[in-house]
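# Breakdown of the fold
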Amino acid sequence: MPSYLVTGATRGIGLELARQLVARGDAVIGTARDPDHADALRATGARVEALTVDDPASVAALGARLAGTAIDVLVNNAGIGGHGGGLPDLTAAELHRYLAINAIGPVLVTQALLPSLRAGRLRRIAHVSSLMGSVADNTSGGAYGYRASKAALNMFNRSLAHELGRDGFVCVVLNPGWVQTDMGGARAPLPVAQSVADLLARIDGLTAADSGRFFHHDGRELPW
Ligand SMILES: NC(=O)c1ccc[n+]([C@@H]2O[C@H](COP(=O)([O-])OP(=O)(O)OC[C@H]3O[C@@H](n4cnc5c(N)ncnc54)[C@H](OP(=O)(O)O)[C@@H]3O)[C@@H](O)[C@H]2O)c1
């Protein structure tokens with residue numbers, strides 16, 4: 001049975017990933033910032049582990065707890081959204097926060113879990129990014145922190161694809177679409193179950209030729 005680790009699995013896309021993976025018989029470790037408030041995740045049947053992605057000590061502790069545990073697929077899903085304001089509203093603290101959670105966190109999680117991923121058979125890493133991280137797609141501006149953090153995540157993925165590809169890893173960036181979650185809001189067109197079914201179809205079908213690339217949930221390749 002393949003094993004998955006999904007970050008940010010307390011709600012939204014991460015929770016639905018845990019639900020669908022457990023339902024089809026896969027082993028899932030879902031992470032929560034506060035495992036005492038992760039009842040929905042626990043109810044899926046997933047194993048719950050504590051992780052705050054922008055806290056390097058928390059990331060290292062997860063790696064240490066999982067030493068000796070093989071993980072086939074890592075889904076770096078945890079993230080924060082929000083559009084923020086324009087240039088006059090930007091603060092260094094807020095921009096650092098986006099980068100720490102949406103970009104630096106995932107790459108450090110990958111680093112910490114590498115021994116577990118090397119022990120797995122599938123060697124797949126999927127980053128849940130956003131079309132808003134596409135420079136080519138930025139036709140309206142705004143969302144400085146979010147856009148830049150997802151663009152940075154996309155670049156981290158490409159470097160990981162090069163470095164880890166030598167050892168048979170496939171590393172991709174996936175855009176889930178505009179999804180009905182706390183982050184996406186009620187006006188989002190895509191039910192979370194549909195987005196996640198699509199994301200799992202992408203992850204299931206990954207080949208070496210996909211590594212380093214950026215895909216929409218429906219399988220279309222997206223521009224950087
Ligand atoms: N929804 C959309 O329309 C959409 C579109 C494009 C991309 N995405 C991307 O999809 C991913 C999931 O989004 P979502 O819609 O499911 O969001 P969501 O409903 O807001 O859930 C976000 C998840 O990330 C966790 N998280 C937030 N900050 C964290 C941190 N510092 N450390 C660890 N976990 C943290 C949250 O944990 P807590 O419960 O503890 O807060 C929660 O489990 C994100 O990377 C997002 O950027 C979403």
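Source: prediction; values computed, not measured. Residue positions are counted from 1 within each chain, in the order its sequence is given. Where totals are concerned, whole chains, interfaces and linings use all residues; where local detail is concerned, this predicted model gives features only for residues with pLDDT of at least 70, and gives and counts side-chain atom pairs only at 80 or more. Only heavy atoms go into the side-chain values, all of them from the structure, while hydrogens and water stay out.

## With respect to the pairing of strand 6 (residues 170-175)
For every residue, the accessible area obtained with a 1.4 Å probe (protein chains only) is divided by the maximum for its type, and the residue is called buried under 20%, exposed over 50%, and partly exposed between those limits. Helix numbering and strand numbering both begin at the N terminus, where a helix is a DSSP run of H or I of at least 4 residues and a strand a DSSP run of E of at least 2. Burial within strand 6 is extensive, with six of its six residues counted as buried. Where burial is concerned, the two faces of strand 6 agree: the one with Val170, Val172 and Leu174 and the one with Cys171, Val173 and Asn175 are both buried. Only when DSSP finds a minimum of two bridges between them are two strands counted as paired. The sheet contact formed by strand 5 (residues 124-128) and strand 6 spans five bridges and is parallel. Considered in strand 6, the bridge of Ala126 is made with Val172. With its strands directed away from the observer, a crossover is right-handed exactly when the path from the first strand over the helix to the second travels clockwise. What joins strand 5 to strand 6 is helix 5 (residues 144-165), and the crossover it makes is right-handed. Both strand 6 and strand 7 (residues 214-216) contribute to a ladder of three bridges, which runs parallel. The residue bridging Leu174 from the neighbouring strand is Phe215, located in strand 7.

## A closer look at the packing of helix 4 (residues 92-119) against helix 5
When two helices pack together, their arrangement is given by the angle between their axes and by how far apart the axes lie. A fitted line through C-alpha atoms represents every axis, and for helices the fit uses only the stretch in contact; the resulting angles, taken between N-to-C directions, go from 0 to 180 degrees. The N-to-C vectors of helix 4 and helix 5 enclose an angle of 25°; their axes lie 7 Å apart at closest approach. Classed by the angle they form, the pair helix 4 and helix 5 counts as roughly parallel. Seen along the crossing, helix 4 lies across helix 5 with a hand that is right-handed. Residue-level contacts link Leu95, Tyr98, Leu99, Asn102, Ala103, Ile104, Pro106, Val107, Thr110, Leu114 and Arg118 of helix 4 to Tyr144, Gly145, Tyr146, Ala148, Ser149, Lys150, Ala152, Leu153, Phe156, Leu160 and Leu164 of helix 5. All amino acids are sorted into three groups, where Ala, Val, Leu, Ile, Met, Phe, Trp, Tyr, Cys and Pro are nonpolar, Asp, Glu, Lys and Arg are charged, and the leftover types, Gly among them, are polar. Looking at the contact of helix 4 with helix 5 residue by residue, the class counts come to 16 nonpolar, four polar and two charged. Comment on the angle field: the value is read as roughly parallel under 35 degrees, roughly antiparallel over 145, roughly perpendicular from 65 to 115, and oblique elsewhere. Crossing handedness follows the turn of the near helix against the far one: under a right angle anticlockwise gives a left-handed crossing, and clockwise gives a right-handed one. Working rule for contacts: check all heavy atoms of both residues, and any pair within 4.5 Å makes them a contact.

## Considerations on the site of the ligand
Around the ligand sit 29 residues in total, of which Thr10, Arg33, Tyr146, Val179 and Thr181 are the nearest. Lys150 is positioned such that a nitrogen or oxygen atom in its side chain is 2.9 Å from an oxygen atom of the ligand. Polar contact is the term for a pair of N or O atoms within 3.5 Å; when the atoms are in protein, one must be able to donate a hydrogen and the other to accept it, and sequence-neighboring residues count only if both atoms are side-chain atoms. One nitrogen or oxygen atom from the main chain of Gly177 is found 3.5 Å from an oxygen atom belonging to the ligand. With the chains in place, 92% of the 900 Å² that the ligand exposes on its own is no longer accessible. Here a cavity is any set of points on a 1 Å grid over the protein atoms alone where a 1.4 Å probe fits but cannot get out, and a pocket is any open set with protein on both sides within 12 Å along at least 5 of 7 lines; a residue lines the site when it has an atom within 4 Å of a point. If over half the atoms of a molecule are within 2 Å of the grid points of a cavity or pocket, the molecule is regarded as sitting in it. When each cavity is represented as a set of grid points, the ligand is found to reside in the largest pocket. Going through the elements one at a time, helix 1 (12-23) and helix 5 are the ones with two or more residues in the shell around the ligand. Nearness of a residue to a molecule or strand requires only that one of the residue's heavy atoms be within 4 Å of it. In these tables, accessible area is a Shrake-Rupley quantity obtained with a 1.4 Å probe, and a residue counts as shielded only by the protein chains included in the view.

## Re the sheet that holds strand 6
The seven strands are arranged 3-2-1-4-5-6-7 in an open sheet whose pairing can be described as parallel. At either end of the open sheet lies a strand with only one pairing partner, and these are strand 3 (47-50) and strand 7. In this sheet, neighbouring strand axes are inclined to one another by 25° on average, regardless of whether the strands run parallel or antiparallel. Two strands pair when backbone bridges link them, and strand 2 (residues 27-32) and strand 3 are joined in this way by four bridges, in the parallel orientation. Note on strand 3: the bridge partner recorded for Ala32 is Ala50. Where helix 3 (residues 56-65) meets the sheet, its contacts fall on strand 1 (3-6), strand 2 and strand 3, and the angle it forms with strand 3 comes to roughly 140°.

## Observations regarding the environment of Asn157
Structurally, the position occupied by Asn157 is in helix 5. Taking the C-alpha atoms as reference points, Asn157 and Cys171, separated by 14 residues in sequence, lie 6.3 Å from one another. Apart from the residues within four sequence positions on either side, Asn157 is in contact with His127, Cys171, Val172, Val173, Gly212 and Arg213. A polar contact of 2.9 Å, which involves the side chain of Asn157, links it to the side chain of His127.

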